[in-house]
Amino acid sequence: DGGITQSPKYLFRKEGQNVTLSCEQNLNHDAMYWYRQDPGQGLRLIYYSQIVNDFQKGDIAEGYSVSREKKESFPLTVTSAQKNPTAFYLCAGGTEYSNQPQHFGDGTRLSIL
Amino acid sequence: AQSVTQLDSHVSVSEGTPVLLRCNYSSSYSPSLFWYVQHPNKGLQLLLKYTSAATLVKGINGFEAEFKKSETSFHLTKPSAHMSDAAEYFCVVTRSSNTGKLIFGQGTTLQVKP
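What counts and what doesn't
Residues numbered from 1 in each chain as written. Chains lettered and ligands numbered in written order. Predicted model: local features only at pLDDT ≥ 70, side-chain atom pairs only at ≥ 80, totals over all residues. Heavy atoms only, no water. Helix = DSSP H or I, 4+ residues; strand = E, 2+ residues; numbered from the N terminus. Rg over C-alpha atoms; globule rule 2.2 N^0.38 Å. Buried < 20%, exposed > 50% of the residue type's maximum accessible area, 1.4 Å probe, protein only. Areas by Shrake-Rupley, 256 points an atom, 1.4 Å probe, with all protein chains shown as cover. Lys, Arg positive; Asp, Glu negative; His and termini not counted. Charge placed at Lys NZ, Arg CZ, Asp CG, Glu CD. Pairing = 2+ DSSP bridges. Axes fitted to C-alpha atoms, helices over the stretch in contact; angles between N-to-C directions. Contact = heavy atoms within 4.5 Å. Buried area = accessible area lost by both parts, 1.4 Å probe. Salt bridge = Lys/Arg side-chain N within 4 Å of Asp/Glu carboxyl O. Core = buried A, V, L, I, M, F, W, Y, C linked by side-chain atoms within 4.5 Å.

Just checking my understanding: could you explain the overall build of chain B for this structure?
Looking only at helices and strands, chain B features 0 helices and 12 strands. The order of α-helices and β-strands along chain B, N terminus first, is β-β-β-β-β-β-β-β-β-β-β-β. Against the globule reference of 13 Å for 114 residues, chain B gives a C-alpha radius of gyration of 13 Å, in line with a compact fold. In terms of overall dimensions, chain B has C-alpha extents of about 45 × 30 × 20 Å along its principal axes. Across the 114 residues that make up chain B, the buried fraction comes to 46%. Put simply, chain B shows about 5,200 Å² of open surface, and 51% of that area lies on carbon and sulfur atoms. For chain B, the distance from the average site of its 10 positive side-chain charges to the average site of its 7 negative ones is 8 Å.

Looking at this structure, I do not really get the sheet that holds strand β1 (residues 4-7) of chain A. What am I missing?
One key point about sheets: their strands pair by backbone hydrogen bonds, in either a parallel or an antiparallel sense. All names here are of chain A. Reading across the sheet, the 4 strands line up as β1-β3-β8-β7 and stay open at both edges, with antiparallel pairing between neighbours. Strands with a single pairing partner mark the edges of an open sheet, and in this sheet they are β1 and β7 (64-66). Each strand of the sheet is rotated relative to its neighbour by a mean of 20°, with strand direction disregarded. Note: strand β3 (residues 19-25) against strand β8 (residues 76-78), 3 bridges, orientation antiparallel. In the sheet register, Thr20 faces β8, and the bridge partner there is Thr77.

Sorry, what's going on with the interface of chain B and chain A here?
When the parts of a complex come together, some accessible area is lost, and that lost area is often taken as the interface size. Tallying the contact residues gives 24 residues for chain B and 26 residues for chain A. Of the roughly 1,900 Å² buried at the junction of chain B and chain A (both faces included), carbon and sulfur atoms supply 49%. Sorting the residues of chain B by area buried against chain A places Asn41, Lys101 and Phe104 of chain B first, and these three jointly supply 26% of that buried surface. At the surface where chain B touches chain A, the tally comes to 1 salt bridge.

When you look at the pattern of salt bridges in this model, what are you seeing that I'm missing?
It is possible for side chains bearing opposite charge to pair when their charged atoms get close. Summed over the entire model, instances satisfying the criterion amount to 7 salt bridges over all chains. Between Lys42 of chain B and Asp106 of chain A there is a salt bridge, and its shortest N-O distance comes to 3.7 Å. In this pair, Lys42 of chain B sits in the loop between β5 (33-38) and β6 (44-50) while Asp106 of chain A sits in the loop between β10 (103-104) and β11 (108-112), so the two residues belong to two different chains. Overall, the relative accessible area of 37% leaves Asp106 of chain A in the partly exposed class. Between Lys78 of chain B and Asp85 of chain B there is a salt bridge; the shortest N-O distance is 2.8 Å. On the basis of relative accessibility, which here comes to 3%, the residue Asp85 of chain B falls in the buried class. Residues joined in a network through salt bridges with shared partners are Arg36, Asp38 and Arg44 of chain A.

Looking at this structure, I do not really get the nonpolar core. What am I missing?
When a protein is soluble and globular, its nonpolar side chains tend to lie buried together. By size, the foremost hydrophobic cluster in this structure holds 27 residues, and its most contacted members are Trp35, Leu48, Phe74, Leu76 and Tyr89 of chain B. Among the elements that line this core, the one with the most residues is strand β10 (residues 87-94) of chain B, at 4 residues. When residues no more than four places from it in sequence are discounted, the contact partners of Leu48 of chain B are Leu33, Phe34, Trp35, Val57, Lys58, Gly59, Phe63, Glu64, Ala65, Phe74 and Leu76 of chain B. Residues Tyr47, Tyr64, Tyr89 and Leu110 of chain A belong to the second largest nonpolar core, which totals 19 residues.

Would you mind going over unusual backbone geometry with me for this structure?
Apart from glycine, the bulk of residues carry a negative phi angle, and the bulk of peptide bonds sit in the trans form. A cis amide bond, omega -10°, links Ser7 of chain A with the succeeding residue Pro8 of chain A. Here Asn41 of chain B, not a glycine, exhibits a phi torsion of approximately 60°, which is positive. Following the sequence through the fold, Asn41 of chain B ends up in the loop between β5 and β6. Of note, the phi angle at Asn61 of chain B is positive, near 60°, even though the residue is not glycine.

Here it is as C-alpha cells:
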C-alpha cells in the first residue's frame, strides 16, 4: 500500500544528543514536510522540500536539520540546540499545488530522558 | 496574510445528534481549505477539501462543509454523530496560491457521549 512511513513511533533523547527521525514515502510526492505538534496547538512547519537536494526552513527551523538526498526520504534531525524537543512530529508528502491535500504519516513521539 | 481560527477548542455531543465544528479563515486570495481528522497518536487524515468548485463539499464518513465567502467560514457538519467520530479536527488553509504550504487551526476536540 502507498503511504508515508515514519519511524520510530517513540523516541527518547538524552541531554546533548542528536536524534534522527525517519520519513519514507512511496507515493511519488515531489514535496515533503515536517511538522511539530504540541498539546492543544495546531501543527507548525519545521522544514519542507519541494525537490530532491533542496529544502527550505519553515516557521520553527531552529534546532532542527533535514536532508533530501532521495525523493522517497526526508529525515529530520533534532539537534542538541533544540532546547524543548518534546513533541509529536509529523511528516507529510504532497505537491507544490495549493489545491492538493497532503498525506501524513502516523508520527513519532519524542521525549527527553 | 492567511490565517484560520477554529472557534471551539472542545465540542461535546451525544451519539446520534448533529455535529457542528466552526472554522473562520482570512485570506488575501481565493484559498483552498481542508478539514483533517486526527485520532490519538495518529497522523492526520483528510476529511474533505474545498478548491473553488462547489461551495458545499461532501467528505468521508458522512461529513460535509460549506464554504461561505461572505462570512469567511468553512464549518464542518455531520447529521448524526457516531462514537468513532471522537477525535481532533483541524481546519486548514493554504498559505499561498503557488505552494502546498498549509496553515493549521488550533484544533477542535470532538467528544461523543453514548
